[in-house]
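Architecture at a glance
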Amino acid sequence: MQVVARLLQLAGLTIPPLAMVAQLMNRIRAGQMLQFLVVAVCLFSAGYILQVYGPRKS
């Protein structure tokens, strides 16, 4: 469960720079970039919640 949480957090931290680069290269619109940012925040939050409140290794 900890690995899944870390992967979600990593995905949440990776998406925003990629979305900004895509928007600067005019491949996506600003509204689409904001959607990617919202998804990134949700992924990171889900990973954080899983890490904090999920089962712990003994």
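As a reminder, the structure under discussion sits directly above these lines.
Our subject in this report is the structure included herewith.

Definitions and cut-offs
- Within any chain, residue numbers begin from 1 and follow the written order of that chain's sequence.
- Since the coordinates come from a predicted model, pLDDT governs what is reported: local features require at least 70, and pairs of side-chain atoms require 80 or more to be given and counted, while whole-chain, interface and lining totals use all residues.
- Only hydrogens and water are set aside; all other atoms, that is, all heavy atoms of the structure, feed into the side-chain values.
- Secondary structure elements follow DSSP: runs of H or I no shorter than four residues count as helices, runs of E no shorter than two count as strands, and numbering proceeds from the N terminus.
- Only C-alpha atoms enter the radius of gyration; for comparison, a globular chain is expected to reach 2.2 Å times N to the power 0.38, where N is the number of residues.
- Think of it in three bands: with a 1.4 Å probe and only protein chains considered, a residue is buried below 20% of the maximum accessible area for its type, exposed above 50%, and partly exposed in between.
- Every residue pair with non-hydrogen atoms within 4.5 Å of one another is taken to be in contact.
- For the area figures, the Shrake-Rupley method with a 1.4 Å probe applies, and any residue is considered shielded solely by the protein chains shown.
- Note on definitions: angles span 0 to 180 degrees between N-to-C directions of axes, and those axes are lines fitted to C-alpha atoms, for helices only across the stretch in contact.
- Every angle not falling under 35 degrees, over 145, or within 65 to 115 is termed oblique; those three ranges are roughly parallel, roughly antiparallel and roughly perpendicular.
- Left-handed describes a crossing in which the near helix is turned anticlockwise from the far one by less than a right angle; the clockwise case is right-handed.
- Residue type decides the class: Asp, Glu, Lys and Arg count as charged, Ala, Val, Leu, Ile, Met, Phe, Trp, Tyr, Cys and Pro as nonpolar, and the leftover types, Gly among them, as polar.

Structural notes on the overall build of the chain
The secondary structure content of the chain amounts to 2 helices and 0 strands. Taking 58 residues into account, the globule formula puts the C-alpha radius of gyration at 10 Å, and the chain, at 14 Å, lies well above it. The burial tally for the chain puts 21% of its 58 residues in the buried class. Looking at the chain alone, contacts between residues at least 24 apart form 71% of all its contacts between residues at least 6 apart. For the chain, the exposed surface amounts to about 4500 Å²; the carbon and sulfur share of it is 70%.

Some thoughts on the packing of helix 1 (residues 2-24) against helix 2 (residues 30-53)
Axis separation between helix 1 and helix 2 bottoms out at 7 Å; the angle between their running directions is 165°. Relative to helix 2, the element helix 1 lies roughly antiparallel. With respect to the hand of their crossing, helix 1 and helix 2 are arranged in left-handed fashion. Classifying every residue of the contact of helix 1 with helix 2 gives 19 nonpolar, 6 polar and 1 charged.

What about the environment of L8?
In this fold, L8 is placed in helix 1. Its relative accessible area of 23% is what places L8 among the partly exposed residues. Put simply, L8 and Y53 are 45 residues apart on the chain and 15 Å apart in space, counted from C-alpha to C-alpha. Dropping the residues within four chain positions of it, L8 is found in contact with L43, F44, A46, G47 and L50.

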